[in-house]
Amino acid sequence: MNRYMRAYYYAVLGAMGGLFGWQITETLGFVGGQNVYLSDALLGGVIGLCVGLLIGFTEGLLTRSPVRALRAGLISGLIGLAAGAVGLPVGEAVFQLSGGEILGRALGWATFGVLVGLAEGITGGTQMYKGALGGLIGGAVGGVILELAKGTLDDPLLGKALGLVLMGASVGIFIALIVVLLSRAWLEVKSGKLQGTEFILDKFMSLKGPAAIIGSNVLKSDIALPDPDVAPQHAQLKGADTHFTLRDMSVGRGTFVNGRRIEVHRLANRQLIRVGNTELIYHEKR
Amino acid sequence: MRIYSKLRIFRTTIWLCIALLALVGFLVTVLEARAEGPVTVQVVQVDKARFPEVDVYVSVTDADGQPVKNLMPEDFSLEEDGQPVSLTHVSRAGEQGPVTAVLVIDKSGSMNHANKMKAAREAAIAFVQLMRPGDATGVIAFNTQVTTVQPLTDDKESLVEAIRGIEAVDDTAMYDALHEASAMLEPVGGRKAIIVVTDGMNTAGQRTREETLTLVGEQGISIYTIGLGDPSQGTETYAGIDEPTLKTIAQESGGIYTFAPNPEDLRSLYEMLSLRIQNEYKLTYRSPNRLRDGTNRAVAVTVAAPSGPTEVTAAYNPGGVIPEVQPRSTWGLFGLILAVLAFLLVLPGIIGRVGALVSGRGPVPGRALRQGSGQAKASGQGKPRVGTGKAKSAKGRVRLTGEPRPSGKRRR
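As the structure is a computational prediction, the values presented were derived from the model and not from experiment.

A.B. asks: Please provide a residue-by-residue account of the packing of helix H2 (residues 116–129) of chain B against helix H3 (residues 156–164) of chain B, values included.
C.D. replies: Describing two packed helices takes the angle between their axes plus the distance from one axis to the other. Residues and elements named next belong to chain B. For the pair H2 and H3, interaxial distance at closest approach is 9 Å and the crossing angle is 175°. One way to sum up the angle between H2 and H3 is to call them roughly antiparallel. Residue-level inspection shows Arg121, Ala124, Ile125, Val128 and Gln129 of H2 in contact with H3, the latter providing Lys156, Leu159, Val160, Ile163 and Arg164. Classifying every residue of the contact of H2 with H3 by side-chain character gives 6 nonpolar, 1 polar and 3 charged.

Below, the structure written as structure tokens:
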């Protein structure tokens, strides 16, 4: 699985989130009584929850850890709920202030997307602004699609369904792509079950930030490798703003860089790390 | 003979009288018509707060700017998006319900010249005195800062007292003041208006002209702008006033712009505005398109005035950034899209497996190496196969010792 497949899965699951959000809101109908903003808060919350839940699942599914998928999904879903409940009424105001039509729709949905994307950025293993940027672009695209679908298809229902599905998809795809395109450091798994998977290291890069633990225990490590020869907590990656230092934590099993056993090692671009039976390539973008 | 001539004189007199009466009647009609003259019709506010019920406030004024009060409900007709709608209610002039207004007053330093501040205070007080029961007014004053002098109230005494306390000093932050005024009116329903008087350009504050224009365009509050001249620089000079902006704000929001060359004119101006706002017509109808689908609706009001029908247009948007659609069962469509997405989810796995099968059969050079990576790729993209996990790892290790980056060029 390369980076584009990753974006693909994010898109499909994001689309499913949008679909679930659409179906639930369609079943609920207009819920705000006279107040369009109240209705927006409820519907936006539901859509944010669904998109968040599904996009949260993705990372866990791709790294084959159901526990992580469930945990990230729930967290991201709840944050998505809050973000959507705030985001849609704000988007509504933006929509109306910008005069409606296609521009207003794009701006309104982009506002909604920014907040949902921001929420996904928190749980998506990257900085929040990247998620927000993904949501911004995704929302704008979804809004335009909705307006175009409404114009070309006679059935507004179909246009709305497709618009929400595609918004979910584009939020997902842009979050995945932007996380990858803008990432400064990542580990690519070269062998084992997770071959091709990329772990983005950006949020561990800061000297003052937390270190990333490589290990086999899903709950005690950040880069969880399903490999029986990897210790529960095998090695530690500590950021130093411009580079990473790899430190062996396994007792006796060993951590190797380019075939040589190391204790502490300053990583350089494209060096090959081996822990247990899993190989990882360290990438830096400069 | 004498009798005959008397009769003739009598007859002539009667005819003269009739002719005179006809002439008087004709003159009266003509004069009356001239007095009514062409009317100006303006949609001053579209209230969609109770959508699909919509209230359209219409101001009808004669050539002198005085409100025309004698129109009947049947004189009004309305179309939404080209579709004639029946008006559920037309309130007559003066009966359109309470008016909530915010008086926004410039208290920048230049207002100290030529008694302008005093005149502005007196004009505002005159406006307050004309409030009817139920009407509410708030007062905001601005220089570099925006001060709420008096929140919305129907208490005339406290309003007058608050207005008397306004003193002029510093620069002009008018846009900020307009934002503040519109925020003050936001929670209120019914007819809402802002009357702003200024003698200068916007020279301070955070808000821009564009922001203000966007705001007034959509809030459904009409803004009446008054530019105040400085007689010391000649009563004809517009120097220092940003007339285009004041005009645009008034036009966009359904208000009017007026220029007061003398501070003394302010009082009658405020009285005129009060009279106008209090004597508008309110047309109520139910929108034929009752869904909040976020589409802009065009409203056309036709007024059958004595001088001939006059049509004015306005627009509103019921809201619905995510459009409301006719409720019906959507499970079929949901199932269909879900099936498509589920298929897309497993598609790469299927392709990977088929690819592995095909490449596994064909006699390819360097087969052992590719097979290893091909299989790993297949299961990496498809579902994990627990049984083959170790085999792959073993192969991966063989590759590690032999050639560190066998698939490096394949990836990047």
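Next, the rest of the story.
A.B. asks: Tell me about H2(B), and please be specific about residues and values.
C.D. replies: All names here are of chain B. Counted at 1.5 Å a residue, the expected span for H2 with its 14 residues is 20 Å, and the 20 Å between its end C-alpha atoms agrees. Judged by how many residues are buried, H2 sits mostly within the fold: 11 of 14 residues are covered. Turning to H2, its buried residues are Lys116, Met117, Ala119, Ala120, Arg121, Ala123, Ala124, Ile125, Ala126, Phe127 and Val128. For H2, the secondary structure elements touched by its buried residues are strand E6 (99–106), strand E7 (136–142), H3, strand E9 (191–198), strand E10 (222–228) and helix H7 (265–278).

A.B. asks: I'd like to hear about the sheet that holds strand E3 (residues 76–80) of chain B, residue by residue, with values.
C.D. replies: Across a sheet, paired strands are connected by hydrogen bonds in the backbone, their directions being either parallel or antiparallel. All names here are of chain B. One open sheet accounts for 4 strands, arranged E4-E3-E13-E14; its pairing is antiparallel. Each end of this open sheet is capped by a strand with a single partner; those strands are strand E4 (83–85) and strand E14 (308–316). Across the sheet, the axes of successive neighbouring strands diverge by a mean angle of 30°, strand direction being ignored. Inspection of the sheet shows E3 paired to strand E13 (residues 297–305) by 5 bridges, in the antiparallel sense. Residue pairing across strands places glutamate 80 opposite valine 299, the latter belonging to E13.

A.B. asks: Talk me through the packing of aromatic side chains; I want residue IDs and the actual numbers.
C.D. replies: Overall, the coordinates contain 7 aromatic pairs over all chains when judged by the stated rule. Here B:Phe51 and B:Tyr316 contribute two aromatic rings whose centre-to-centre distance is 6.3 Å and whose plane-to-plane angle is 55°, an arrangement assigned as tilted. With B:Phe51 in the loop between strand E1 (40–47) and strand E2 (53–61) and B:Tyr316 in strand E14, the pair connects residues that are 265 residues apart, well separated along the chain. B:Tyr316 matches B:Phe51 in its accessibility class, with the two residues each being buried. Centre to centre, the rings of B:Trp331 and B:Phe334 are 5.5 Å apart; their planes meet at 90°, and the pair counts as edge-to-face. Highlighted residues: B:Trp331 and B:Phe334, both in helix H8 (residues 331–361), separated by 3 residues, approximately one helical turn. Classification of B:Phe334 by relative accessible area gives buried; the value is 9%. Cluster of aromatic residues (ring-pair linked, three or more members): A:Phe20, B:Trp331 and B:Phe334. Its guanidinium or amino end placed over the ring of A:Phe256, A:Arg274 lies 4.3 Å from that ring's centre, counting from NZ or CZ. Positioned above the aromatic ring of B:Tyr57 is the side chain of B:Arg191, whose terminal nitrogen or guanidinium carbon lies 6.0 Å from the ring centre.

A.B. asks: Before we move on, can you summarise the environment of A:Leu61 with the specific residues and values?
C.D. replies: All names here are of chain A. Among the secondary structure elements, leucine 61 is positioned in helix H2 (residues 36–62). Once the C-alpha coordinates of leucine 61 and tyrosine 9 are considered, the two residues, 52 residues apart in sequence, prove to be 9.5 Å apart. Leave out the neighbours within four places in its chain, and leucine 61 touches Leu13 and Ala69.

A.B. asks: Before we move on, could you go through the pairing of strand E5 (residues 235–239) of chain A and cite the residues and values that matter?
C.D. replies: Residues and elements named next belong to chain A. Residues Ala235, Leu237 and Gly239 line the buried face of E5, whereas the alternating positions Gln236 and Lys238 sit on a face that is not buried. Here 3 bridges tie strand E3 (residues 212–215) to E5, and the two strands are oriented antiparallel to one another. Looking at E5, one finds that isoleucine 213 is bridged to glutamine 236. As defined by bridge partners, E5 adjoins strand E6 (residues 244–248) across 5 bridges and the pair is classed as antiparallel. Opposite alanine 235, over in E6, you have aspartate 248 as the bridge partner.

A.B. asks: Can you explain a nonpolar patch on the surface? Please cite residues and give values.
C.D. replies: Residues and elements named next belong to chain A. On the surface, Tyr129, Leu133, Leu136, Ile137, Val141, Leu181 and Leu182 cluster together to form a nonpolar patch covering roughly 560 Å² of accessible area. In terms of residue count, helix H5 (residues 128–152) provides more of the nonpolar patch than any other element does, 5 residues in total. Of note, valine 141 is situated in helix H5.

Parameters and conventions
Along each chain, residues carry numbers from 1 onward, in the same order as the chain's sequence is written. To read the labels, note that chains go from A and ligands from 1, taken in the order they are written. Where totals are concerned, whole chains, interfaces and linings use all residues; where local detail is concerned, this predicted model gives features only for residues with pLDDT of at least 70, and gives and counts side-chain atom pairs only at 80 or more. Computation of side-chain values covers all heavy atoms of the structure but excludes hydrogens and water. Helix axes use the C-alpha atoms of the stretch in contact, all axes being lines fitted to C-alpha atoms, and the angles between their N-to-C directions lie in the range 0 to 180 degrees. Only DSSP runs of H or I covering at least 4 residues are called helices, and only runs of E covering at least 2 are called strands; the numbering of each starts at the N terminus. When describing relative orientation, an angle under 35 degrees is termed roughly parallel and one over 145 degrees roughly antiparallel, while 65 to 115 degrees is termed roughly perpendicular and anything else oblique. In what follows, residue pairs with any heavy atoms lying within 4.5 Å of each other are defined as contacts. Note that Gly is not counted as nonpolar here; it falls among the polar residues with everything else outside the nonpolar set of Ala, Val, Leu, Ile, Met, Phe, Trp, Tyr, Cys and Pro and the charged set of Asp, Glu, Lys and Arg. In this scheme, a helix's expected span is set at 1.5 Å multiplied by one less than its residue total. Only protein chains enter the accessibility calculation, which uses a 1.4 Å probe; a residue is then buried when its area is under 20% of its type maximum, exposed when over 50%, and partly exposed in between. Here, any two strands with at least 2 DSSP bridges between them count as paired. Put simply, two rings from Phe, Tyr or Trp (the six-membered ring, in Trp's case) pair if the centres are within 6.5 Å, and we call them stacked under 30 degrees between planes, edge-to-face over 60, tilted for the rest. Each ring is checked for a lysine NZ or an arginine CZ that lies within 6 Å of its centre and within 35 degrees of its normal; such an atom marks a charge sitting over the ring. Candidate patch residues must exceed 30% relative accessible area and have no salt bridge, after which like charges are joined if within 9 Å and Val, Leu, Ile, Met, Phe, Trp or Tyr side chains if within 5 Å. Only the protein chains shown count as cover for residues, and all accessible areas are computed by the Shrake-Rupley method using a 1.4 Å probe. Salt bridges are counted wherever a side-chain nitrogen of Lys or Arg sits within 4 Å of a carboxyl oxygen of Asp or Glu.

Note that every value here comes from positions in space, so none of it alone points to a role or purpose.
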